Protein chains: 2
Amino acid sequence: MRQPDDRAVRPTMNDVARTAGVSLKTVSRVINGEPTVAPHLAERVRAAVDALRYRPNLGASMLRRNDRRTRTIGVLLEDVGNPFSAALHRAVEDEALARGVHVLIGSVDENPQRERDLARAFAERHADGLIVAPAGDDQSYLASELPAGTPVVFVDRQGTGFAGDSVLATNVVGATEAVRHLIAHGHRRIAFLGDHARIATARSRYRGYLDALGEAGLEPPAKPELHHWSTAESATLTLFGRDHPPTALFTAQNLVTIGAVRALRRLRLHRDVALVGFDDFPLADLVEPAVTVVAQDPAAMGRTAARALFERIDGDRQPPREFWIPTALIRRGSGELPPHPVRARATL
Amino acid sequence: MRQPDDRAVRPTMNDVARTAGVSLKTVSRVINGEPTVAPHLAERVRAAVDALRYRPNLGASMLRRNDRRTRTIGVLLEDVGNPFSAALHRAVEDEALARGVHVLIGSVDENPQRERDLARAFAERHADGLIVAPAGDDQSYLASELPAGTPVVFVDRQGTGFAGDSVLATNVVGATEAVRHLIAHGHRRIAFLGDHARIATARSRYRGYLDALGEAGLEPPAKPELHHWSTAESATLTLFGRDHPPTALFTAQNLVTIGAVRALRRLRLHRDVALVGFDDFPLADLVEPAVTVVAQDPAAMGRTAARALFERIDGDRQPPREFWIPTALIRRGSGELPPHPVRARATL
DNA sequence: CTGAAAGCGCTAACAC
DNA sequence: GTGTTAGCGCTTTCAG
């Protein structure tokens, strides 16, 4: 069944020791950079390593080592293919690589079961710590999946039921700022587009939206059902097929924003209906009109999460911390459109 | 120095065996799903596993197992943060997860040294195989970094000096098709924008560009120096500051395309100069005019690469294969603009 | 400064 | 069916 070359042959420390004419332990010392080796022996060992192309087996060393570190972290993001997660991932990688640490990563896809399976898989591979963008609303499972003491940093969404640092965007404040901006431009009928119930971040943004309306004494108009970004375009079309359509939209997520932009174009309303989106996206400045957004900073989130995680891995045992990464309103045009007079008349 | 809880305490198979009142080996059999265990013993083992929250240590089992598999693959892409790599990554992940395999990933950033370092790091972590988007033009180092027999699949770019399957976009043909398209719309002065020397894919696209010009008996205009996508915008501005500017652009990469779009806007030439870009990008259909592209299919590339890799991991030993993933011309408007009469007159 | 012996958690080979 | 023994490649401990 198994071919001879199925088992890849690699020289072991023992092989190196034999060719160098020293003991196994001396090789181990050289490989691990322990200074207590005579120079001429160390040189012989290095020569043998080169000759045999010896590479250490991290799995085996981890097994015996006191610190049990694999120099590998696990990262669970919503979807490594989307721009937000990809930018965050990249920032984590840069921090990790600077420390000689490598990254196991997976997409949780809004699926709590997948979240748990990935956490388990990374724990079985002995990740030194985890960065998790929670899909479910209960992370207490981490206590059973992870060895005691494994640090976890939550990112993008708050984790529940497990003690870990969190790195979060200022969702509520950012959304409030966005909606205030629309109100300042004269809008009174501002619709919210996003999954306001199921997803924690969207829920926070909905809260911020309600806060801003409340301050101005405005009522939220009836909101369309939206449980997945893929339905954003059709939900927007529906919204403008009803009576009393809004004069402005606040969209809670970048893919929702893009869906809304597509719908407004099809309706030829893109110059009439104001729009502010949460989360920036590439080319937002190149569409007509350019899209005003509340930009998050996924790179800062990834960087912060990674740094926090490495502090924990290095032994920091203080109580869980929260890092708030500020959002920034970027005025590009779509959010500065005034309420459109024609439609306003039509809906009165 | 090290705290007691620095070493995360996890129950071992031995602990499970003791609480279940069976031998270590029986536990091993249950964990590995071997059918030759009496049901009542298996039940006792499973109960002990649940009670102790036992999780197997993959590193230890890998050490002793005959197949030496870690159910982990390594993926080296250009930059996990860019849309092309991110989409490819996601497709690889889906194929891997369907097989219970997990993904170690890193960005090579056009840096051959980083490529080699990552390959080594993943080899030390005993990846079962590698998917590599080569940054350098020599992959012979893989023979020394990887255990003999470790399969490698090259993706996006051809690998050199190491035997592995390749998954490639039809770069030459796709570029030829793009340029033929511009010629068919009346263009005779078509500029190439991209790194035609250093990067293999861009080089292929440059070849395709030359082929199409040659067929039509056209000479390539002087091309601006462009060694990194970040300079695409300024290179485009320079191009149109010179005499005899082109009436059409062919851009070799999506970030170059975006830079060119930005530059044409600033020059208010975006409705006058035709543009076809290689590689699609999000919102290409929403800018004005919508951008005609030769779309690659990064998801198909990732899927194909992963499937090929798993065939090799499963023992397939046939000679290296090449998989060509077709590109598709998507007509959106920018590539269908006719040569602009005013500028044409000005340059005659 | 160097080496011999023990053992990390697990599976393979072979007994019973 | 089940258990015992050996040992994967490495680091630790401790003796020289």
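Computed from a predicted model, the values in this text were never measured in an experiment.

### Here we look at helix α8 (residues 171-184) of chain B
All names here are of chain B.
Okay, so step 1: Spanning 14 residues, α8 covers 20 Å between terminal C-alpha atoms, matching the ideal 20 Å at 1.5 Å per step.
Okay, so step 2: With ten of 14 residues buried, α8 is to be regarded as a mostly interior element.
Okay, so step 3: Among the residues making up α8, those that are buried are Asn171, Val172, Gly174, Ala175, Thr176, Ala178, Val179, His181, Leu182 and Ile183.
Okay, so step 4: Just downstream of α8 lies glycine 186, where phi reads positive at about 100°.

### Some points on the packing of helix α1 (residues 13-20) of chain A against helix α2 (residues 24-31) of chain A
All names here are of chain A.
Okay, so step 1: In contact at an axis separation of 8 Å, α1 and α2 are set at 105° when each is read in the N-to-C sense. Taken together, the axis directions place α1 and α2 in an arrangement best described as roughly perpendicular. On α2, the residues touching Met13, Asn14, Val16 and Ala17 of α1 are Leu24, Val27, Ser28 and Ile31.
Okay, so step 2: Taken together, the residues of the contact of α1 with α2 break down into six nonpolar, two polar and no charged.

### Here we look at helix α3 (residues 39-52) of chain B
All names here are of chain B.
Okay, so step 1: End to end, α3 covers 20 Å across 14 residues, agreeing with the expected 20 Å (1.5 Å per residue, within 8%).
Okay, so step 2: Residues Ala42, Val45, Ala48 and Val49 constitute the buried set of α3. The buried residues of α3 all sit within an arc of 125° when viewed along its axis, so they share a single face. Residues of α3 that are exposed and point over 90 degrees away from its buried face: Pro39, His40, Asp50 and Ala51.
Okay, so step 3: On the buried face of α3, the contacting elements are α1 (13-20) and α2 (24-31).
Okay, so step 4: Looking one or two places after α3, you find arginine 53, whose phi comes out positive at around 55°.

### Digging into the domain arrangement of chain A
Residue and element names in this part refer to chain A.
Okay, so step 1: By the assigned domains, chain A splits into domain 1 (13-56), domain 2 (72-168 + 298-325) and domain 3 (171-296 + 330-336).
Okay, so step 2: The straight-line distance from the C-alpha centre of domain 2 to that of domain 3 is 29 Å.
Okay, so step 3: Domain 2 puts six residues into the contact, and the matching count from domain 3 is six residues.
Okay, so step 4: In total, about 720 Å² of surface goes out of reach between domain 2 and domain 3, with carbon and sulfur atoms giving 56% of it.
Okay, so step 5: If you sort the residues of domain 2 by the area they bury against domain 3, Phe84, Glu110 and Arg157 come out on top, with a joint share of 43%.
Okay, so step 6: Along the contact surface separating domain 2 from domain 3 lie zero salt bridges.
Okay, so step 7: The interface formed by domain 2 and domain 3 includes zero residue pairs in polar contact (both at pLDDT 80 or more).
Okay, so step 8: Residue classes in the side of domain 2 that touches domain 3 are distributed as three nonpolar, no polar and three charged.

### Considering the protein's contact with DNA strand C
Okay, so step 1: Near DNA strand C you find 26 residues, and of these A:Thr26, A:Ala38, A:Arg64, B:Met13 and B:Tyr54 are the closest.
Okay, so step 2: Restricting attention to atoms of DNA strand C within 4 Å of the protein, one finds that 64% of them are sugar or phosphate atoms.
Okay, so step 3: The contact in question runs from a phosphate oxygen of DNA strand C to an N or O atom on the backbone of A:Ala38, over 2.6 Å.
Okay, so step 4: Side-chain polar atom of B:Asn32 to a phosphate oxygen of DNA strand C: 3.0 Å apart, as the coordinates give it.
Okay, so step 5: The element best represented in the surface near DNA strand C is helix α4 (residues 58-64) of chain B, accounting for four residues.

Conventions we followed
- Residues numbered from 1 in each chain as written.
- Chains lettered and ligands numbered in written order.
- Predicted model: local features only at pLDDT ≥ 70, side-chain atom pairs only at ≥ 80, totals over all residues.
- Heavy atoms only, no water.
- Helix = DSSP H or I, 4+ residues; strand = E, 2+ residues; numbered from the N terminus.
- Expected span 1.5 Å × (residues − 1).
- Buried < 20%, exposed > 50% of the residue type's maximum accessible area, 1.4 Å probe, protein only.
- Axes fitted to C-alpha atoms, helices over the stretch in contact; angles between N-to-C directions.
- Parallel < 35°, antiparallel > 145°, perpendicular 65-115°, else oblique.
- Contact = heavy atoms within 4.5 Å.
- Nonpolar A, V, L, I, M, F, W, Y, C, P; charged D, E, K, R; others polar.
- Arc of directions from axis to C-beta.
- Domains from an automatic or database assignment.
- Buried area = accessible area lost by both parts, 1.4 Å probe.
- Salt bridge = Lys/Arg side-chain N within 4 Å of Asp/Glu carboxyl O.
- Polar contact = N/O pair within 3.5 Å; in protein donor to acceptor, adjacent residues only side chain to side chain.
- Near = heavy atom within 4 Å.

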